[in-house]
Amino acid sequence: MTTLDLPAVRSRFPALARTEAGRPVAYLDGPGGTQVPTEVIEAIALRLRVGTSNLGGPFTASREAETVVEAARAAAADFVAGRPEEVVFGQNMTSLTFAVSRALARTWRPGDEVVVTRLDHDANVTPWRRAAAECGAEVRVVDFDPSDGTLEVSRLEAVLGERTRLLAITAASNALGTVPPVRRAADLAHAAGALVFVDGVHYAPHRLIDAAALGADFLACSAYKFFGPHTGVLWGRAPLLESLPAYKVVPAPDSGPEKWETGTQSFESLAGVAAAVDYLAGLGEGTTRRDRLAAALAAVGEHETALAARFLAGVAGIPHVRLYGPPGVTARTPTFALEVAGMPPAEASRRLGEQGIHTWSGDYYAVGVMEHLGVAPRGGLLRIGFVHYNTAEEVDRALEALAGLAGER
Ligand SMILES: Cc1ncc(COP(=O)(O)O)c(C=O)c1O
């Protein structure tokens, strides 16, 4: 089995060599966006350096741009276990989700129902609310258990019915780290005759995505959360992508993924997307890129579980620091939402930032999570998130700094 060579991994990320306040920066803000390895930076720069062009020109740079798009689609397809013709690129996950919601809403009727969860990032809630409102459909909201951040499928069963057209569900919470039982939820939604849109943004850097095995009809993720550039990736079942009415300009293609790709794509970013997938695949061994990705993500998962266990054990011993979300390492990512008693989360994050520890505070657009936990009026929560390039020393540094904050309050 592959294990991560952490010093080798870290040496590939130039940003990890940065220092602040005389110490290396601890990037514990991965859930907000990850750092980028050299090969991704080089791939992006190369596209701009050698000469760039739009698609469809009878000359080298244009043909190269076409090759870049093809390579990116093939890489993203391997990343989600789909086919290249099922991969659509866009500015980010949010805009791709709006595009799909708008198209699906044209198939809904007044009285139809859409199910969203309070565990989801707002990018997988508001597009559906807006789309539903525009065609007279109803929105049903499923809650998570505030005591441990879990989403029980029994809660879903209670709202799914013959009027349900869509279930929008996250594969992992960017706030609490919860990994809900998406496949079981999708099976229930399908049994009710609904489609399933999965937000894979927070899941992508931590677990191997198999969109079809998750039960998704659509799955969206964002390369800047998995060591690539700021580009969104949408996977959709081919018959759905083909049959749904995309909002597009007249001369744009009427079929294939291109039908969904408004305007000109960022070809340099697409070169970066392919390089990010290749970077991850390169952490594993195997015959195909998909096999290598599977081995790599297994190794990533093992390392991240060790980091999570270390963090959870340490944080349990710090008085006045409260953890929200799953208390153990199972069915979670190494993303932790915390509260230092008596200290606003923005203040806690600012003080950690002064020590070169990058974290986030607020709601991170997981609006429903903060509302349901009752912490929105207190400014949300502090978020500390680890990815595979983080170290046990960084976990200890975060714990020590948290203990310092708790002692000062
Ligand atoms: C879980 C989750 N979903 C969706 C989004 C939105 O992604 P994007 O910035 O690509 O629109 C984010 C961004 O933070 C996220 O964490």
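Some thoughts on the overall build of the chain
From N to C terminus, the chain includes 13 helices and 15 strands. Computed over C-alpha atoms, the radius of gyration of the chain comes to 21 Å, within 12% of the 22 Å expected from 2.2 N^0.38 for 409 residues, which places it in the range of a compact globule. Here the chain holds 409 residues, and 49% of them are scored as buried. Put simply, of all contacts in the chain between residues at least 6 apart along the chain, 72% involve residues at least 24 apart.

A look at the environment of Ala204
Mapping Ala204 onto the fold places it in the loop between strand E8 (195-199) and strand E9 (218-222). On the basis of neighbour count, Ala204 is assigned to the buried category, with 28 C-beta atoms found within 10 Å. Aside from chain neighbours lying at most four places away, what touches Ala204 is Ile209, Cys221, Lys225 and Phe226.

Some thoughts on the domain arrangement of the chain
Segmenting the chain into domains produces domain 1 (6-37 + 288-408) and domain 2 (42-281). Placing a centre on the C-alpha atoms of domain 1 and another on those of domain 2 gives a separation of 25 Å. Across the boundary between the two partners, domain 1 contributes 37 residues, which contact 37 residues of domain 2. Those elements giving two or more residues to the side of domain 1 that touches domain 2 turn out to be helix H10 (289-316), strand E12 (335-340) and helix H12 (367-373). Looking at which element gives the most residues to the side of domain 1 that touches domain 2, the answer is H10, with ten residues. When its residues are assigned to classes, the side of domain 1 that touches domain 2 shows 22 nonpolar, nine polar and six charged.

A look at helix H5 (residues 126-135)
Where H5 is concerned, the buried positions are Pro127, Trp128, Ala131 and Ala132. Relative to the axis of H5, the buried residues are bounded by an arc of 125 degrees and lie together on one face. In this structure, the buried side of H5 is in contact with helix H4 (93-105), strand E5 (113-117), strand E6 (138-142) and strand E7 (164-170). Residue Gly136 follows H5 closely and has a positive phi angle near 80 degrees.

Quick word on the site of the ligand
Taken together, 13 residues form the shell around the ligand, and within it Asn92, Thr94, His121, Asn174 and Ser222 come nearest. Considering only residue class, the shell around the ligand consists of four nonpolar, eight polar and one charged.

Details of the sheet that holds E12
Spatially, E11-E12-E15-E14 is the arrangement adopted by the four strands of the open sheet, whose pairing is antiparallel. A single partner strand is all that each edge strand has here, and the edge strands are strand E11 (321-324) and strand E14 (360-362). For this sheet the average axis-to-axis angle between neighbouring strands, irrespective of direction, equals 35 degrees. Pairing of E14 with strand E15 (residues 381-385), which is carried by three bridges, proceeds in the antiparallel orientation. By the bridge assignment for E15, Ser361 is matched with Leu382. Helix H11 (residues 345-354) contacts E12, E14 and E15 of the sheet and is inclined by roughly 165 degrees relative to E14. Contacting E11, E12 and E15, helix H13 (residues 392-408) crosses the sheet at an angle of about 20 degrees to E12.

Thoughts on the sheet that holds E9
The strand order E4-E10-E9-E8-E7-E5-E6 describes an open sheet built from seven strands, whose pairing is mixed. Two strands lie at the open edges of the sheet, namely strand E4 (87-90) and E6, each paired on one side alone. Strand-to-strand twist of the sheet, defined as the mean angle between neighbouring strand axes without regard to direction, takes the value 20 degrees. Sheet topology note: the E9/strand E10 (residues 232-236) ladder contains five bridges and is antiparallel. If you follow Ser222 over to E10, its bridge partner there is Gly232.

Notes on H10
The end-to-end C-alpha distance of H10, which contains 28 residues, comes to 40 Å, matching closely the 40 Å that a straight helix rising 1.5 Å per residue would cover. Looking only at H10, the buried set comprises Arg292, Leu293, Ala296, Leu297, Ala299, Val300, His303, Glu304, Ala308 and Phe311. Among the structural elements, helix H3 (60-80), helix H9 (267-281), E12 and H13 are those in contact with the buried residues of H10.

Brief notes about the pairing of E9
Side-chain positions along a regular strand alternate between the two faces of the sheet. Counted residue by residue, E9 has five buried out of five residues, so it is predominantly covered. Of the pairings in the sheet, the one linking E8 to E9 comprises three bridges and is parallel in character. Bridging across to E9, Phe197 finds its partner in Phe218.

Details of the packing of H3 against H9
H9 packs onto H3 with a crossing angle of 40 degrees between their chain directions and a minimal axis gap of 8 Å. For the element pair H3 and H9, the recorded crossing hand is left-handed. For the pair H3 and H9, contact is made by Ala65, Val68, Val69, Ala71, Ala72, Ala75, Ala76, Asp78 and Phe79 and by Phe267, Leu270, Ala271, Val273, Ala274, Val277 and Asp278, respectively. Partitioning the contact of H3 with H9 into residue classes produces 14 nonpolar, no polar and two charged.

Describing unusual backbone geometry
Phi is positive for His320, close to 70 degrees, though the residue is something other than glycine. Secondary-structure assignment places His320 in the loop between H10 and E11. Looking at His320, the number of C-beta atoms within 10 Å reads 15, which means it is partly exposed.

Conventions and cut-offs
Residues numbered from 1 in each chain as written. Predicted model: local features only at pLDDT ≥ 70, side-chain atom pairs only at ≥ 80, totals over all residues. Helix = DSSP H or I, 4+ residues; strand = E, 2+ residues; numbered from the N terminus. Rg over C-alpha atoms; globule rule 2.2 N^0.38 Å. Buried ≥ 20, exposed ≤ 12 C-beta atoms within 10 Å, placed from the backbone. Contact = placed C-beta atoms within 7 Å. Domains from an automatic or database assignment. Nonpolar A, V, L, I, M, F, W, Y, C, P; charged D, E, K, R; others polar. Arc of directions from axis to C-beta. Near = placed C-beta within 6 Å. Pairing = 2+ DSSP bridges. Axes fitted to C-alpha atoms, helices over the stretch in contact; angles between N-to-C directions. Expected span 1.5 Å × (residues − 1). Left-handed = near helix turned anticlockwise from the far one by under 90°.

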